[in-house]
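Notes for the structure review
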Amino acid sequence: TQLLEQSPQFLSIQEGENLTVYCNSSSVFSSLQWYRQEPGEGPVLLVTVVTGGEVKKLKRLTFQFGDARKDSSLHITAAQPGDTGLYLCAGEGNQFYFGTGTSLTVIP
Amino acid sequence: NAGVTQTPKFQVLKTGQSMTLQCAQDMNHEYMSWYRQDPGMGLRLIHYSVGAGITDQGEVPNGYNVSRSTTEDFPLRLLSAAPSQTSVYFCASRQGWAGELFFGEGSRLTVL
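Before going into details, it helps to say that this report is about the structure given with it.

What counts as what
All residue numbers here refer to positions counted from 1 along the written sequence of the relevant chain. To read the labels, note that chains go from A and ligands from 1, taken in the order they are written. In keeping with the model being predicted, local features are shown solely for residues with a pLDDT of at least 70 and side-chain atom pairs are shown and tallied solely at 80 or more, while totals for entire chains, interfaces and linings include all residues. The side-chain numbers reported here are obtained from all heavy atoms of the structure, hydrogens and water having been left aside. A contact between two residues is defined here by any heavy atoms of the two lying within 4.5 Å. Here the quantity called buried area is the total loss of accessible area, with a 1.4 Å probe, experienced by two parts when brought into contact, counted for both. The salt bridge definition used is simple: a Lys or Arg side-chain nitrogen within 4 Å of an Asp or Glu carboxyl oxygen. The definition of a polar contact used here is a pair of N or O atoms within 3.5 Å, where within protein one atom must be able to donate a hydrogen and the other to accept one, and adjacent residues in sequence count solely through side-chain atom pairs. Strands here are runs of E lasting at least two residues and helices are runs of H or I lasting at least four, both read from the DSSP assignment and numbered beginning at the N terminus. Basically, the charged four are Asp, Glu, Lys and Arg, the nonpolar ten are Ala, Val, Leu, Ile, Met, Phe, Trp, Tyr, Cys and Pro, and anything else, Gly included, counts as polar. Take the buried residues of types Ala, Val, Leu, Ile, Met, Phe, Trp, Tyr and Cys, join any two whose side-chain atoms come within 4.5 Å, and each joined set is a nonpolar core. Buried residues are those whose accessible area, probed at 1.4 Å on protein chains only, stays under 20% of the maximum for their type, while exposed residues exceed 50% and partly exposed ones sit between those limits.

**Side note on the interface of chain A and chain B**
Contact with chain A, which involves 21 residues of that partner, is made by 22 residues of chain B. For the pair chain A and chain B, the summed buried surface comes to about 1600 Å²; carbon and sulfur atoms form 50% of the total. Contact with chain B buries area across many residues of chain A, yet Gln95(A), Phe96(A) and Phe98(A) alone supply 29% of it, more than any other trio. A salt bridge links Glu92(A) to Arg94(B), with the shortest nitrogen-to-oxygen separation between them at 3.0 Å. Seen at the junction of chain A and chain B, the total is 5 residue pairs in polar contact (both at pLDDT 80 or more). Where the side of chain A that touches chain B is concerned, the elements lending two or more residues are strand 4 (31-37), strand 9 (85-92) and strand 10 (96-98) of chain A. For the side of chain A that touches chain B, the class distribution of residues is 8 nonpolar, 11 polar and 2 charged.

**Things to note about the nonpolar core**
Residues Leu19(A), Leu32(A), Trp34(A), Leu74(A), Ile76(A) and Leu104(A) are the most contacted members of the largest nonpolar core, which totals 21 residues. Looking at this core, the elements with two or more residues in it are strand 3 (19-24), strand 4, strand 5 (44-49), strand 7 (61-65), strand 8 (71-76), strand 9 and strand 11 (102-107) of chain A. Ranked by size, the runner-up nonpolar core spans 18 residues in total, among them Leu78(B), Ala81(B), Cys91(B) and Val111(B).

Here is the structure:
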C-alpha cells in the first residue's frame, strides 16, 4: 500500500503548456518534499514545504502544501523540454515515504 | 565531489545467489537509507540507519540485510536472490532525521 499517491502517473504535453501534478495521502506529514529524477540518475531535491497552506515558487514551478498537511501540488507554467523527468513527492512521517511518481514528457 | 557512491551499477544474478550492493558517502551524514524503485511504485524504503551501529527496517525489508559499521558505508545484502528483487536500488543519505536526501546514481539488479 502506497502512502502517497500521485496523479497523473504519466503526462505528455507540448512545450509552452501548463500542468499540475498532485500528491495525495490520508496521512499527515511534518514536511513534504518534491524531487525530480532524470533517466539513469538519482532523484534531486526541488523544494521542501513545511507549513500547511505554504506556497513556494521556483522560477516556473509553484509548489503548494495542503492546509491539513496531507497533500501537495506542483504546477509548472510554460513547460519546457528541460522539465522532462520523473517527479516524486516525499512525505516526512515516522519514516520518509515517496509517492508513486509522475513521468512528465514535454514535446518541443 | 563524490557525494554518494554506489557499486556496482549493473548486476545480473541467478535465483538463489547472494550479493552485496555497496554504498559509501563522504559527507559525514548520520542518516543513510536504501530504496528500491519499481515502475509505477515510486521509491520504497528497504532499510535505514541513523548512525553507525544502528539500523532499522523500512516498508519492504524482507529478503535484505544491512549493517552500519562506519559512518561512511551502508552495504545492502541479498542473501538468496529472487526474481521479485529485480529492481533499481538507490542509496541515499542526509545530515539528520529531516532535510534533503542525497542519492547515488542507482544499481540496476536483474535476477533470472
